[in-house]
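The lines below spell out each chain.
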Amino acid sequence: MAIKHDLVAVLDFGAQYAMLIARRVRECNVYCEILPHNVTVSELKRRKVKGIIISGGPASVYDKGAPYPDPNLLRSGIPILGICYGTQLIAKALGGVVKPEKKKEYGRTELLVDDETNLFAGLPNHLTCWMSHGDSVVKLPKGFKVLAHTKNTPLAAIGNPKEKLYGVQFHPEVAHTESGVEIIKNFVYVVCGCKPTWTTKNFVEESIKEIKATVGKEKILCALSGGVDSTTVSALVSKAVGKQLTCMFIDQGFMRKNEAKKINDIFTTRFKIKFVHIDASQRFYNKLSGVTDPEEKRHRIGNEFIRVFEEEAKKLGKMPYLAQGTLYPDVIESAVPGLTSTTAVRIKTHHNVGGLPKDIKFKLVEPLKKLFKDEVRALGRELGVPEDIISRQPFPGPGLAIRIIGEVTPERVKILQEVDDIVVSEVKKAGFYKKVWQSFGVLLPIRTVGVMGDKRTYLNTVAIRAVTSTDAMTADWARLPYDLLDTIANRIVNETPTVNRVVYDISSKPPSTIEWE
Ligand code: XMP
């Protein structure tokens, strides 16, 4: 029988922290979803929600048009934890007083615990916490007591144990708050009574049952890119209905050095999946011939990908199902208004391998659509996906084509493959591969003068790009050690005969972007 997971809901009040909170709850092995801030109590009850976290938000409870939840929420009987704005909202709604702070409190602060039960059960009575607020609760609502305070915030954590309503003014979900996860654990286990059933092992078992039930005896196709999402989907579907699965890898000719071969090896030897390798590189090179505009490149690659996919899928006969690696953040981005990016100005046309048209004639199987990226990684590991795929840095769908500024030709791809291989291997060797978000080379459309062995040269320039980031929305250039940059630059000019100059990109995002095109 399928496990009935307890569900905790994070109500989204436009907070950048909502996803982080949901991830923290899931780290406690309790299933958690982000729901719109005004979700109705009847919907929460229908879904048997066992606990609610009201996340922080940019608004003040006194702002005109400040977002409010269902007016019956606080009397619904469902345990609630307010965080920051959520706490103020609870206090104000139940007759407490919230005031703008004279001394706003931001950053690391010492928290002194006054009540060591429930939320703070089993925790030390001095903790470092992360504060970020302009308003504060200054008078408790009826039935509430103070659970913890800081120097400037006397009511830093408040609670009404009888009604199971709690509020913390600080952010337990951020890594800077000591024992933050323990506080969340106490809320979900002790206050809400949730059971820790949301585990990778259970997820695998349930997904296998679900995929089997959906697909039945039909055939299923999966477009593989060699990235962690599509590889993990393939591994999972192969566990469920292995003989009915065909994985299709379309090589656009813009992969990294030896990557196509590596993907081939993994899927033919390790997973023994029916694997179709389509070398479509010549088609893509033809399409990009003479094209230098970045958006034009992206469009042509995206369109050609769909064309190749459709032609090749037809050759495989009746294939009603298509497995895709859609993740939870993709799902909530389109469902929760505060988290959507669809209204943003288009900076780049993204192409994802498997980014197929909406009117595609397949029935979609999307087994990862409840998972965050870190959960996909854990799942991949459980299924035996090799570590270098699991911990691979993000690689864009259009591949090296958008890192070759100007025209993309097979010769220029070859140059960048060599450069990229040097960058990645040296960054790995120096222990920086997992510390940075991405590190790669970019081939520029300019040649410069150099001197090699007494001779004048007039050769290519490459840029090295390495950035730190947590979500790719913003990024900073990575402060890689000079010695490492030196090794990389030396190897590039010595081992790539057509390059005589290496520069390091020191721009952040914004105003730049991570990729150059
Ligand atoms: P930018 O360059 O917009 O990149 O700062 C943000 C992140 O997205 C990746 N990226 C892509 N990923 N298809 C993808 O799957 C694409 O078309 C694409 N373009 C950029 C980029 O590598 C970075 O991680």
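As the structure is a computational prediction, the values presented were derived from the model and not from experiment. (Residues numbered from 1 in each chain as written. Predicted model: local features only at pLDDT ≥ 70, side-chain atom pairs only at ≥ 80, totals over all residues. Heavy atoms only, no water.)

Trainee: Just checking my understanding: could you explain the sheet that holds strand S1 (residues 7–12) for this structure?
Mentor: Across the sheet, which stays open at both edges, the nine strands sit in the order S2-S1-S3-S4-S9-S8-S7-S5-S6 with mixed pairing between neighbours. Lying at the two open borders of the sheet, with one neighbouring strand each, are strand S2 (31–36) and strand S6 (126–139). With direction set aside, neighbouring strand axes in the sheet form an average angle of 25°. With 12 bridges joining them, strand S5 (residues 97–113) and S6 adopt antiparallel strand pairing. From the neighbouring strand, Leu112 faces S6, where its bridge partner is His126. Together, S1, S2, strand S3 (49–54) and strand S4 (80–83) form the strand contacts of helix H1 (residues 18–27), whose direction differs from that of S2 by roughly 160°. Packing of helix H3 (residues 85–93) onto the sheet brings it into contact with S3, S4, S5, S6, strand S8 (157–160) and strand S9 (165–168), and relative to S4 it is tilted by some 120°. (Pairing = 2+ DSSP bridges. Helix = DSSP H or I, 4+ residues; strand = E, 2+ residues; numbered from the N terminus. Axes fitted to C-alpha atoms, helices over the stretch in contact; angles between N-to-C directions. Contact = heavy atoms within 4.5 Å.)

Trainee: I would appreciate a short explanation of the packing of helix H8 (residues 281–288) against helix H9 (residues 294–315) in the present structure.
Mentor: Describing two packed helices takes the angle between their axes plus the distance from one axis to the other. Direction vectors running N to C along H8 and H9 enclose 145°, while the axes themselves pass 10 Å from each other. Read as a crossing pair, H8 and H9 show a hand that is right-handed. Here H8 contributes Arg283, Phe284, Lys287 and Leu288 to the contact with H9, which in turn contributes Lys297, Arg300, Ile301, Glu304, Phe305, Arg307, Val308 and Glu311. (Left-handed = near helix turned anticlockwise from the far one by under 90°.)

Trainee: What should I look at first to understand the sheet that holds strand S14 (residues 363–365) in this one?
Mentor: Hydrogen bonding along the main chain pairs the strands of a sheet, whether they run parallel or antiparallel. Taken in spatial order, the five strands make up an open sheet running S12-S11-S10-S13-S14, and their pairing is parallel. What marks the edges here is a single partner per strand, and that holds for strand S12 (274–279) and S14. Across this sheet, the average inter-strand angle for adjacent strands is 30°, counted without regard to direction. Inspection of the sheet shows strand S11 (residues 245–251) paired to S12 by six bridges, in the parallel sense. Within S12, the position partnered with Ile250 by the bridge is Ile278. Contacting strand S10 (220–224), strand S13 (321–323) and S14, helix H5 (residues 200–215) crosses the sheet at an angle of about 170° to S14. Its contacts with the sheet place H9 against S10, S11, S12 and S13, and it is angled at close to 145° to S11.

By themselves, these observations are geometric and do not establish any function.
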